[in-house]
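Letter by letter, the chains look like this.
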Amino acid sequence: MSHSGPHVRGETAADGPGDGPVETGAHAAPRSATSKPDGNRETSPSHEAARPDDHDPFAKRPSKRGRRRRRSDRNGAAKSAAPDTTPDDGRDRAAGAADEKPVAGRGKRRRGRRKRNAARSDNNAMATTAAQHGTPCGQRKDKPSPPAPAIRREREAPTAYAALDLGTNNCRLLVAVPTKPWSFRVVDAFSRIVRLGEGLGASGRLSDEAMDRAVGALAVCRDKLTARPIGRTRLIATEACRSAENGAEFLDRVRDQTGLKLEVVDRETEARLAVAGCGSLVDRSARSTVLFDIGGGSSEIAVIDLPHAGRRNLSDNIVAWTSLPVGVVTMAERFGGTHVDAESFSAMVAHAEALLGEFAEKHRRGGNGVSDDAFHLIGTSGTVTTLAGIHLGLARYDRRRVDGLWMRDHEVDRINDRILSWSFDERVANPCIGRDRADLVLAGCAILQAIRNVWPAQRLRVADRGLREGLLTEMMAADGVWRRGRHRRGRPDTAPKPRPAGGPGGQR
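All values reported here derive from a predicted model rather than from experimental measurement.

Quick notes on the rules
Residues numbered from 1 in each chain as written. Predicted model: local features only at pLDDT ≥ 70, side-chain atom pairs only at ≥ 80, totals over all residues. Heavy atoms only, no water. Helix = DSSP H or I, 4+ residues; strand = E, 2+ residues; numbered from the N terminus. Buried < 20%, exposed > 50% of the residue type's maximum accessible area, 1.4 Å probe, protein only. Contact = heavy atoms within 4.5 Å. Areas by Shrake-Rupley, 256 points an atom, 1.4 Å probe, with all protein chains shown as cover. Axes fitted to C-alpha atoms, helices over the stretch in contact; angles between N-to-C directions. Parallel < 35°, antiparallel > 145°, perpendicular 65-115°, else oblique. Left-handed = near helix turned anticlockwise from the far one by under 90°. Nonpolar A, V, L, I, M, F, W, Y, C, P; charged D, E, K, R; others polar. Pairing = 2+ DSSP bridges. Salt bridge = Lys/Arg side-chain N within 4 Å of Asp/Glu carboxyl O. Patch = residues over 30% accessible without salt bridge, like charges linked within 9 Å, V, L, I, M, F, W, Y side chains within 5 Å. Lys, Arg positive; Asp, Glu negative; His and termini not counted. Charge placed at Lys NZ, Arg CZ, Asp CG, Glu CD. Expected span 1.5 Å × (residues − 1). Arc of directions from axis to C-beta.

Participant: Explain the overall build of the chain residue by residue, including any values.
Facilitator: When helices and strands are tallied, the chain shows 18 helices and 13 strands. A total of 508 residues make up the chain; the buried ones form 43% of that total. For the chain, restricting intrachain contacts to residue pairs at least 6 apart in sequence, the fraction spanning at least 24 positions comes to 69%. As displayed, the chain has an accessible area near 27,900 Å², and 48% of this comes from carbon and sulfur atoms.

Participant: How would you sum up the packing of helix α14 (residues 409-421) against helix α17 (residues 441-454)? Please name residues and give values.
Facilitator: Two elements in contact, α14 and α17, have axes separated by 11 Å at closest approach and are oriented at 150 degrees. Here α17 runs roughly antiparallel to α14, going by the angle between their axes. Our pair here, α14 against α17, has a crossing hand that is left-handed. Every residue of α17 that contacts α14 at Asp409, Val412, Asp413, Asn416, Ile419 and Leu420 is listed here: Val441, Leu442, Cys445, Leu448, Gln449 and Arg452. Its residues assigned to classes, the contact of α14 with α17 comprises seven nonpolar, two polar and three charged.

Participant: Now, about the pairing of strand β9 (residues 299-305): what can you tell me, with residues and values included?
Facilitator: Residues in a regular strand project their side chains so that they alternate between the two faces of the sheet. A large share of β9 lies buried, amounting to six of its seven residues. As judged from the seven bridges shared by strand β8 (residues 288-294) and β9, these two strands associate in the antiparallel manner. Across the sheet, Ser288 pairs through a bridge with Asp305, a residue of β9. Hairpin geometry of β8 and β9 is characterised by an intervening segment of four residues between the two adjacent antiparallel strands. Bridge count for β9 against strand β10 (residues 318-324) is six bridges, and the pairing is antiparallel. Note on β10: the bridge partner recorded for Ile304 is Ile318.

Participant: Give a detailed account of the pattern of salt bridges, specifying residues and quantitative values.
Facilitator: Taken as a whole and judged by the stated rule, the model has 22 salt bridges. Between Asp188 and Lys224 there is a salt bridge; the shortest N-O distance is 3.3 Å. Of this pair, Asp188 sits in strand β5 (residues 184-193) while Lys224 sits in helix α6 (residues 208-226), placing them 36 residues apart in sequence. Given the relative accessible area of 17%, Asp188 is considered buried. Taken together, the salt bridges that share partners define one network made up of Glu239, Arg242, Arg267 and Glu270.

Participant: So what about the environment of Leu164? Which residues, and what values?
Facilitator: On the secondary structure map, Leu164 appears in strand β3 (residues 161-166). Leu164 gets classed as buried once you look at its relative accessible area, which sits at 0%. Between the alpha carbons of Leu164 and Leu235 there is a distance of 4.6 Å; along the sequence they are 71 residues apart. Sequence-distant contacts of Leu164, defined by excluding residues within four places in its chain, comprise Arg172, Leu173, Leu218, Cys221, Arg234, Leu235, Ile236, Leu262 and Leu471.

Participant: Would you mind going over the sheet that holds strand β12 (residues 406-408) in detail, with residue names and values included?
Facilitator: The sheet built from six strands is open, its strands ordered β10-β9-β8-β11-β13-β12 with mixed pairing. At either margin of the open sheet sits one strand with a lone partner, and together these are β10 and β12. Pairwise comparison of adjacent strand axes, ignoring direction, gives a mean angle of 20 degrees for this sheet. As paired strands, strand β11 (residues 375-379) and strand β13 (residues 459-462) are joined by three bridges and run parallel to one another. Pairing of Gly379 across the sheet is with Val462, part of β13. The strands touched by α14 within the sheet are β12 and β13, with β12 carrying the most contacts at an inclination of about 80 degrees.

Participant: Give me the lowdown on a positive patch on the surface, citing residues and values where you can.
Facilitator: On the surface, Arg113, Arg114, Arg116 and Arg120 cluster together into a positively charged patch. Counting through the fold element by element, Arg114 comes out in helix α4 (residues 105-133).

Participant: Residue-level account of helix α11 (residues 342-362), with values.
Facilitator: It helps to recall that an α-helix has 3.6 residues per turn; residues three or four apart then point in one direction. Compared with the 30 Å implied by 1.5 Å per residue over 21 residues, the 30 Å span of α11 between its first and last C-alpha is a close match. Within the span of α11, buried status applies to Ser344, Phe345, Met348, Val349, His351, Ala352, Leu356, Phe359 and Ala360. Among the structural elements, β9, β10, α10 (328-335), α14 and α17 are those in contact with the buried residues of α11.

Participant: Tell me about unusual backbone geometry, residues and numbers included.
Facilitator: Phi is positive for Trp182, close to 60 degrees, though the residue is something other than glycine. Among the secondary structure elements, Trp182 is positioned in the loop between β4 (170-178) and β5. Since its relative accessible area comes to 32%, Trp182 is described here as partly exposed. At Arg195, a residue that is not glycine, the phi angle is positive and equals roughly 50 degrees. Inspection of the secondary structure puts Arg195 in the loop between β5 and α5 (200-203).

Participant: Account for the sheet that holds strand β7 (residues 263-264), with residues named and values stated.
Facilitator: Working definition: the strands of a sheet are paired by backbone hydrogen bonds and lie parallel or antiparallel to each other. With mixed pairing, five strands are arranged side by side in an open sheet as β5-β4-β3-β6-β7. The sheet is open, and its two borders are formed by β5 and β7, each paired with just one other strand. As defined by bridge partners, β3 adjoins strand β6 (residues 232-237) across six bridges and the pair is classed as parallel. Note that in β6 the partner of Leu166 across the bridge is Ala237. Contacting β3, β4, β5 and β6, helix α18 (residues 467-479) runs over the sheet at an angle of about 145 degrees to β3.

Participant: I'd like a description of helix α8 (residues 247-258), backed by residues and values.
Facilitator: With twelve residues, α8 ought to run about 16 Å at 1.5 Å a step, and its terminal C-alpha atoms sit 16 Å apart, in line with that. Regarding α8, the residues found buried are Gly247, Phe250, Leu251, Val254 and Thr258. Projected onto a plane normal to the axis of α8, the buried residues spread over an arc of 100 degrees and lie on a single side. Residues Ala248, Glu249 and Asp256 are exposed on α8 and point more than 90 degrees away from its buried face. Against the buried residues of α8 lie β3, α6, α7 (239-243) and β7. Positive phi appears at Gly259, one or two residues downstream of α8, with a value of about 80 degrees.

What follows is the structure, encoded as structure tokens:
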């Protein structure tokens, strides 16, 4: 069997089992004309002394790297054979040492390519400088100016939005930046129970102690607003400032002492904002829903039909709305909140149902003939979030577990009965109620029971969100930050330019 593989310099190959080593290359001994190294082809004498890889069309040619190495070796051998006529100094010795080394073809080409690219860059920079300074290309001034550095476009941070809600019982602030469509990321938040409407039902005025607590909380909000650039803010006040005789005086005091200009919104706007803040929690497979917000001085209720499930803004689907002039603070002041028994609780439920009156008759939903999936309730208030925390048995309130929780009808009944059986001290000891809400929670449960009696539903969804989220959603939607392609980070036109930190205005 003959060997037909490629022949490489410096190696030996055997033609058959009995053949010895045969040297290949330029100094190999000539073969006879009748030798058949390939088995089927005779080699001519003219090809015997030649290298098979250069003239044999059937032999595999060496790679480009091998050919460059051979040329390098031949050039080095020729130079070493030539007489040395130059003085023997350090430079010639270095040149001779360099000649003895094989030339690196690929690395040499890369180095040459880098030099040519660098030369082109220098020429372009000189031409740019000449065009800027009026100097002909190729001529230099005494002190040539360096080329202008490349301008790197930095990513712009998304514009921040701020929403503040001063209610009858709480002062809340939320700062967020828009992300994906109809969503945002909260970057700062604040909430404090101030009980601004304390004693309002009896006197019709805001007390000095309540105003002091509210101004102190608003000062904290002012500091948070001035700590970062914010593109747009909206600061609202609700029922306590709407109905109090000295509400305008209180707003002037807030502006003088904190620099914040509060906007008093009407009840319709309050209901719309509550709905806008909970749009993502609606079951789009449902036919209709009733959303309620049990506040401190009023309770807003909106009836929503969902014929167009694709509508993102839930407030566009409001069929009817109403605002009850009663909340947890006013209800507890009228019927008592510290010691509540079954009789006083039933009286609170009846009072809330009477306030619903004609509106409930016109806009009935749920009840007989409606399937479980066709209708549900959404509750956004401290009352429903408290019930959800107790239902989950939380040792500490956790918004991530509460927001969006579904509760069945019998589960709500069980938690209501459980809270009603507790004493005031037991309500204080519960981590989801605490001392600040212990005298208000049963008043909220009574309003919730009245709503469930009018609009019976098998499911209730808990929302730990409300007016602040609605404010942010409406501001971002009005600025168009969620239009196609505009919600990406770094777009300069995603929202109004942020104002510098230093002074939060009122409504922008």
